Amino acid sequence: MSYNWILLLYASVICTSSIIFETTSNPLLLIVIAIAYFGVHVIENKIAGASLLQIGLLIAFHYVSEMDLCLPLYLAQMGKQLMKNHNMRSVTAISLLYAVSYALVAATYIPYSEYGIFTLVFSTFSCLVFAFLFNRFIHVMEHQTQALDNEKKRLTTHDALTGLYNYEECHRQLEQLVQAGKSVVIVLIDCKDLKSLNTINGFHGVNRILKQAAQLLRIMFPEALAISRYGGDEFAIVLEYDNSQHAMNTITQMLASEFPKLTGIEINYGMAFYPDDGTSKDDLFFNAERNLYTMKRESWLKREEHMLRSEKLRVVGELASGMAHEIRNPLTTIKGFLQISKSDNYNIRPWYDLIMDEITRMSMLTAEFLQFSKPHASQFKVHSINDCIHRVISLLDSETARLGHHIEFNASPTPIHMLMDQDKMLQLLLNLIKNAFEAMTEQGQVRIRLYQADQQAVIEISDTGEGIPETELDKIFLPFYTTKESGTGLGLSICHKIVQDHEGTMEVESEAGKGTKFTITVPVSQPESSSAMMPGNNRMTV
């Protein structure tokens, strides 16, 4: 129910009570004044001086009705006026006006007795107390409303976690500074590896780090015109400068040296100066983000270079350790035989063959190691893979017959060419087929399949040998890993390196008791001349 309808209801009750209890001497006039009082409230926005007219009609209504029930109307009317006026002088004047008006009218009909005078004084004082309490309530409500508005504004312009400006406010502040024509520099900061700390410290720990970083930026740049949290782990700083080179040196010193020392966080940053690097807010942010991206890329490349260098050192260490271990064994054997021969008048004839075998083993190991580790000049030319496989089969013809094995070659319908070092490819195929021979203790079969898939040539070499245990498949390409009693462990490592030098891949599948299949995938090339076509059948059996 609205304010005006409450006044109408209350005025109606007073009119009825005054007529019933015969306190009024002119009922018709009372009703007319009540209607006029209500009407003025309804159309108050259309009447000039409506407030004075309302209080005048209220005093007339009270005077004609001669009832103390009019006090709530005074309070309601006074509260309405206090809502519109918050000045202390205006509040005091309004309070006294209504209190004195009520007292003067009430004095015309209240009997002059102790109770009557007490009631009059108490009612008048109640008006003043109500005015004071109501005005206090209004001030408290306004203060709370203002505090809520300020908090709302702060939340819309500031980051809740760090208390810095948020992304939108950062753009707004820079836009104002650019429009004012101030020489400013925008610095975008990205904290490296902060996201990875979520798995170590949890998001609470990362939030604590972000708060510390924000507080440190405030301390390091107290003269900053704006500091904001630009993104999840990114910050933005806007500074005014006189000399761009001096400002750049100072900012670089702070961010590249001081900030990481104090926080333990490595950062990337990018700067853009107004008006040197752009004449608008968007230009400045674009250039700052581009410079930030450039620094990120350089940092990433340095990290990759460091990781590659570390990986190379690790591999060298493993190779050196494996090489030392492999050479130590034959040296120990030779040393033992020499010590024994010394006690037998230096007669080494009984152990001559064993000593020579160990020396040969060291020579072979050293040669394979040099071949594996030493860079060599490769002669890459376009050759037919079909021709290479045919040549390997021819080279192994005698050994195949001696061991009783069988080689089956399923060639592609048309010859396939690739850019290769022919000697290395022959070595690769020879090593794999010889390994297949050694894996077959009895008469077995080696199948070679060549075909083209898109722009890749695929060579599959499978045997019917004993197979490789699943637990050892991941280790067979590691240097010095071998399951053979007399092997060096470098054969498959050399094969794998040859495939990598030809920008290819090498995969292995094996099942115990059924055999092993090596799959080599290399990029194909166009033949240098049409004469490279190989005549004859596509299927060859030895």
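Scroll up a little and you will see the structure.
These numbers come from a predicted model, not from an experiment.

1. Comments concerning helix H7 (residues 167–179)
Note that an α-helix has 3.6 residues per turn; residues three or four places apart therefore point the same way. Between its first and last C-alpha, H7 extends 19 Å over 13 residues, near the 18 Å set by a 1.5 Å rise per residue. For H7, the set of buried residues is Glu169, Cys170, His171, Gln173, Leu174, Leu177 and Val178. One or two steps after H7, the chain reaches Gly181, where phi turns positive at roughly 80 degrees.

2. Section: the environment of Thr294
Take Thr294: it is sitting in helix H10 (residues 281–343). Separated by 26 residues in the primary sequence, Thr294 and Asn268 place their C-alpha atoms 9.3 Å from one another.

3. Some details on the nonpolar core
Counting residues in hydrophobic clusters, the biggest one holds 43 residues, and the most contacted among them are Ile385, Ile389, Leu432, Ile448 and Ile459. The element that contributes the greatest number of residues to this core is helix H14 (residues 422–439), accounting for nine residues. With near-sequence residues (within four places) excluded, Ile389 lies in contact with Phe409, Leu429, Ile448, Leu450 and Ile459. In terms of nonpolar packing, the next biggest core, distinct from the first, is built from 34 residues, Tyr37, Val40, Ile94 and Leu120 among them.

4. Some points on the packing of aromatic side chains
Under the criterion given, the structure shown has seven aromatic pairs. Seen in terms of ring centroids, Phe130 and Phe134 are 5.6 Å apart; in terms of plane orientation they differ by 20 degrees. Their pairing is stacked. Pair noted here: Phe130 and Phe134 are both in helix H6 (residues 114–157), with a separation of four residues, about one helical turn. An aromatic cluster is present here, built from Tyr167, Tyr230 and Phe285 joined pairwise through their rings.

5. Considerations on unusual backbone geometry
A cis geometry characterises the amide bond from Tyr274 onward to Pro275, with omega recorded as 10 degrees. Mapped onto the fold, Pro275 is located in the loop between strand E4 (267–273) and H10. The backbone of Asp454 sits at a positive phi, close to 60 degrees, despite the residue not being glycine. Looking at where Asp454 falls in the secondary structure, it is placed in the loop between strand E8 (445–453) and strand E9 (456–463). A positive phi angle, near 60 degrees, is found at Glu503, a position not held by glycine.

6. Describing the packing of helix H1 (residues 3–20) against helix H2 (residues 27–42)
Where H1 contacts H2, the two axes come as close as 10 Å, and the packing angle between them is 175 degrees. One finds that H1 runs roughly antiparallel with respect to H2. Note on element contacts: H2 touches H1 through Pro27, Leu30, Ile31, Ala34, Tyr37, Phe38, His41 and Val42, opposite Tyr3, Asn4, Trp5, Leu7, Leu8, Cys15, Ser18 and Ile19. Classifying every residue of the contact of H1 with H2 gives 13 nonpolar, three polar and no charged.

7. As for the sheet that holds strand E1 (residues 184–191)
Adjacent strands of a sheet pair through backbone hydrogen bonds, lying either parallel or antiparallel. As summarised here, the arrangement of the four strands in space is E2-E3-E1-E4, forming an open sheet in which the pairing is antiparallel. The sheet is open, and its two edges are formed by strand E2 (226–229) and E4, each paired on a single side. Sheet twist, expressed as the average angle between the axes of neighbouring strands with direction ignored, equals 15 degrees. For E1 and strand E3 (residues 234–240), the ladder comprises seven bridges, and the chain directions are antiparallel. When the bridges of E3 are listed, Asp190 appears paired with Glu234. The strands touched by helix H9 (residues 244–263) are E1, E3 and E4; relative to E4, the strand with the most contacts, the crossing angle is about 170 degrees.

8. With respect to the environment of Gln379
Residue placement: Gln379 occurs in the loop between helix H11 (352–373) and strand E5 (380–384). Sequence separation between Gln379 and Asp421 is 42 residues, and the spatial gap between their C-alpha atoms is 5.1 Å. For Gln379, the contacting residues outside a window of four places in its chain are Met420, Asp421 and Gln422.

Reading guide: rules and limits
Residues numbered from 1 in each chain as written. Predicted model: local features only at pLDDT ≥ 70, side-chain atom pairs only at ≥ 80, totals over all residues. Heavy atoms only, no water. Helix = DSSP H or I, 4+ residues; strand = E, 2+ residues; numbered from the N terminus. Expected span 1.5 Å × (residues − 1). Buried < 20%, exposed > 50% of the residue type's maximum accessible area, 1.4 Å probe, protein only. Core = buried A, V, L, I, M, F, W, Y, C linked by side-chain atoms within 4.5 Å. Contact = heavy atoms within 4.5 Å. Phe/Tyr/Trp six-rings, centres within 6.5 Å; stacked < 30°, edge-to-face > 60°. Axes fitted to C-alpha atoms, helices over the stretch in contact; angles between N-to-C directions. Parallel < 35°, antiparallel > 145°, perpendicular 65-115°, else oblique. Nonpolar A, V, L, I, M, F, W, Y, C, P; charged D, E, K, R; others polar. Pairing = 2+ DSSP bridges.

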